[in-house]
Amino acid sequence: MSDMWYRQANVWRFLPVPGVTVAVFMGKWTAFLHNAPMKGIPASKSIDAVKRAVWEYFDKRVNL
């Protein structure tokens, strides 16, 4: 999973899905899709928790 992410300054980009990033917003790590917060993924103080949630979110969509 770690090779699916690219760090650019303080923003993590999800390589398999262009436009998905994880960045700090209001003190918590938040997932964004084209600069809008992703409602299906809760913000967290843990970057790993948010990155894992992004991975699982899109993994479920692929399996549908």
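Owing to the predicted nature of the structure, the values given are computational and were not obtained by experimental measurement.

1. Some words on the pairing of strand E1 (residues 5–8)
Then, in step 1: Relative to strand E2 (residues 11–14), E1 runs antiparallel, the two being bridged by four bridges. Among the inter-strand pairings, Gln-8 is bridged to a residue of E2, identified as Val-11.
Then, in step 2: Where E1 hands over to E2, the hairpin turn is made up of two residues, of which Ala-9 adopts a positive phi near 60°.

2. Structural notes on the packing of aromatic side chains
Then, in step 1: With the rule as written, the count across this model stands at five aromatic pairs.
Then, in step 2: Taken together, a centroid distance of 5.0 Å and an interplanar angle of 85° make the contact between Tyr-57 and Phe-58 edge-to-face.
Then, in step 3: Accessibility expressed as a relative area gives 26% for Tyr-57, which makes it partly exposed.
Then, in step 4: Phe-58 gets classed as buried once you look at its relative accessible area, which sits at 17%.
Then, in step 5: Cluster of aromatic residues (ring-pair linked, three or more members): Trp-5, Phe-14, Trp-55, Tyr-57 and Phe-58.
Then, in step 6: Note that Lys-51 overlies the ring of Trp-12, its terminal NZ or CZ placed 3.8 Å from the centroid.

3. Observations regarding the confidence of the model for the protein chain
Then, in step 1: With 94% of its residues at a pLDDT of 70 or more, the protein chain shows a mean pLDDT of 92.
Then, in step 2: Per-element mean pLDDT across the protein chain ranges from 89 in helix H1 (residues 47–63) up to 98 in strand E4 (residues 28–33).

4. Focus on the side chain of Ser-44
Then, in step 1: Assignment of secondary structure puts Ser-44 in the loop between strand E5 (36–37) and H1.
Then, in step 2: Polar side-chain contacts of Ser-44 include one of 3.0 Å to the backbone nitrogen of Ser-46.

How each quantity is defined
- Residues numbered from 1 in each chain as written.
- Predicted model: local features only at pLDDT ≥ 70, side-chain atom pairs only at ≥ 80, totals over all residues.
- Heavy atoms only, no water.
- Pairing = 2+ DSSP bridges.
- Helix = DSSP H or I, 4+ residues; strand = E, 2+ residues; numbered from the N terminus.
- Phe/Tyr/Trp six-rings, centres within 6.5 Å; stacked < 30°, edge-to-face > 60°.
- Buried < 20%, exposed > 50% of the residue type's maximum accessible area, 1.4 Å probe, protein only.
- Lys NZ or Arg CZ within 6 Å of the ring centre and 35° of its normal.
- pLDDT = per-residue confidence, 0-100.
- Polar contact = N/O pair within 3.5 Å; in protein donor to acceptor, adjacent residues only side chain to side chain.

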